[in-house]
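Coordinates in review
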Amino acid sequence: ARAIALALTLEGYKVRIFNRTPQRAHSLVRELGIDAEIVDSADIEGSLLVVNATAASLAGESLPISFDGADSDLLAYDLVYGETPFLQAAREAGLRTMDGKPLLAAQGARSQSVAVLGRASADSDGVEALRARLRPGRLPGRRRRTCAA
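So, here is what we can say about the structure in this document. (Residues numbered from 1 in each chain as written. Predicted model: local features only at pLDDT ≥ 70, side-chain atom pairs only at ≥ 80, totals over all residues. Heavy atoms only, no water.)

Observations concerning the pattern of salt bridges
On inspection of all chains with the given rule, the structure shows 3 salt bridges. Put simply, Glu-83 and Arg-91 hold a salt bridge, and the shortest N to O gap is 3.0 Å. The exposure class assigned to Glu-83 is exposed, which follows from its relative accessible area of 52%. (Salt bridge = Lys/Arg side-chain N within 4 Å of Asp/Glu carboxyl O. Buried < 20%, exposed > 50% of the residue type's maximum accessible area, 1.4 Å probe, protein only.)

As for the layout of surface pockets
Empty space within the second largest pocket amounts to approximately 430 Å³. Contributing to the lining of the second largest pocket are 22 residues, with Ala-1, Phe-18, Asn-19, Ala-53 and Thr-54 lying nearest its centre. Of all elements in the fold, only helix 1 (2–10), strand 1 (14–18) and helix 2 (22–32) reach the threshold of two or more residues within the lining of the second largest pocket. No other element matches helix 2, which puts 5 residues into the lining of the second largest pocket. (1 Å grid on protein atoms, 1.4 Å probe; cavity = no way out; pocket = protein on both sides within 12 Å on 5 of 7 lines; lining within 4 Å. Points joined across faces, edges and corners; volume = space filled by probe spheres on them. Helix = DSSP H or I, 4+ residues; strand = E, 2+ residues; numbered from the N terminus.)

Things to note about the packing of helix 1 against helix 2
The geometry of helix 1 relative to helix 2 is characterised by a closest axis approach of 11 Å and an angle of 55° between their N-to-C directions. One finds that helix 1 runs oblique with respect to helix 2. When the axes of helix 1 and helix 2 are compared, the crossing they make is right-handed. Residues Arg-2, Ala-5 and Leu-6 of helix 1 pack against Leu-28, Glu-31 and Leu-32 of helix 2. (Axes fitted to C-alpha atoms, helices over the stretch in contact; angles between N-to-C directions. Parallel < 35°, antiparallel > 145°, perpendicular 65-115°, else oblique. Left-handed = near helix turned anticlockwise from the far one by under 90°. Contact = heavy atoms within 4.5 Å.)

As structure tokens, then:
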């Protein structure tokens with residue numbers, strides 16, 4: 001959640017953070033020094049991207065989030081790879097989904113780069129894969145709202 005919130009903020013997105021423990025959300029924002037809105041519910045209205053950065057998917061648990069009324073361009077992104085209840089719910093609502101496989105691959109490539117080259121490469125395949133799934137007309141310059149769940 002920390003890395004995602006920081007990366008999205010640095011890319012120019014407005015970020016909303018929902019955490020079942022609000023104090024943890026406030027701590028995350030304070031420690032990272034980012035400008036993010038802490039919300040009391042996982043309201044996705046107006047969001048372009050919803051990120052599940054919780055451990056709920058690892059346990060096969062659903063999240064307190066409804067995709068009803070979501071923007072048809074919304075991308076639901078779960079950091080866990082494989083099928084999850086979060087992704088299934090988004091897909092059933094007719095939304096685009098993406099699991100954590102590209103991020104896992106990018107982390108592996110970065111680790112390999114460090115092992116072979118002695119430094120991290122500038123390649124960011126995981127970020128590029130995510131960008132490719134976002135609609136071209138809705139990139140960071142548009143300042144659409146983003147919700148990290």
